Amino acid sequence: MRTLDIKDGQIASILVAEELATAQSDSLDVVVRLKDGRRFGLTLFTPEHLRRQLDQALSLVTPGMVLVKQFSDETIIDAVRSAMRHDIEHLGVLQPLINQ
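If you're wondering where the values come from, they're calculated on a predicted model, not measured in any experiment. Sequence order sets the numbering: in each chain, residues are counted from 1 along the sequence as written. It should be noted that, the model being predicted, local features are given only for residues of pLDDT at least 70 and side-chain atom pairs only at 80 or more, the latter also being counted only at that level, while totals for whole chains, interfaces and linings use all residues. To get the side-chain values, all heavy atoms of the structure are used, and hydrogens and water are removed first.

1. A look at the pairing of strand S4 (residues 39–45)
For step 1, the next point in the chain: Type-normalised accessible area, obtained with a 1.4 Å probe on protein chains alone, sets the label of each residue: buried when under 20%, exposed when over 50%, and partly exposed for intermediate values. Numbered from the N terminus, helices here are DSSP runs of H or I no shorter than four residues, and strands are runs of E no shorter than two. Of all seven residues that make up S4, six are buried, and the element is covered over most of its length.
For step 2, the next point in the chain: Criterion used throughout: strands pair if DSSP finds at least two bridges between them. When strand S3 (residues 27–34) meets S4, the two strands line up antiparallel, connected through seven bridges. By the bridge assignment for S4, Arg 33 is matched with Arg 39.
For step 3, the next point in the chain: Taken together, S3 and the strand that follows it, S4, pair antiparallel across an intervening segment of four residues, in which Gly 37 is found at a positive phi of about 100°.
For step 4, the next point in the chain: Examined bridge by bridge, S4 and strand S5 (residues 66–67) share two bridges and lie parallel to one another. Bridged to Leu 44 within S5 is Val 66.

2. Some words on the environment of Val 32
For step 1, the next point in the chain: Relative to the elements of secondary structure, Val 32 occurs in strand S3.
For step 2, the next point in the chain: The buried category is assigned to Val 32, whose relative accessible area is 0%.
For step 3, the next point in the chain: Sequence separation between Val 32 and Arg 52 is 20 residues, and the spatial gap between their C-alpha atoms is 27 Å.
For step 4, the next point in the chain: Setting aside residues up to four positions removed in sequence, Val 32 forms contacts with Ile 11, Ser 13, Arg 38, Arg 39, Phe 40, Leu 42, Val 80 and Ile 88. Any two residues whose heavy atoms approach within 4.5 Å at even a single point are treated as in contact.

3. Overview of the environment of Gly 92
For step 1, the next point in the chain: With respect to the helices, strands and loops of the structure, Gly 92 is situated in the loop between helix H3 (88–91) and strand S6 (93–95).
For step 2, the next point in the chain: A C-alpha to C-alpha distance of 23 Å links Gly 92 and Leu 54, two positions 38 residues apart in sequence.
For step 3, the next point in the chain: Not counting the four nearest positions on each side in its chain, Gly 92 is found in contact with Phe 40, Gly 41 and Leu 42.

Below, the structure is given as structure tokens:
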């Protein structure tokens, strides 16, 4: 796990649940921590993920899908900023509060 500290608008940080995906991976989990203390989980998908899923099924339903060209810090940050603009409360999964 690693953290991207971007301190941008409402965003306090982004926790990347695993190291940047390898060429074999096609999804990446992140947790977005907002300055108000709420945390939202998002799964980022590549176009390869869609292709692989549709090779195995006739359809694909994924609520709150966030699609990226590739996995890099730049694309992760861009995807999170886009999710914020599109109402992260509906795209992400609210995570339980952490007692500190």
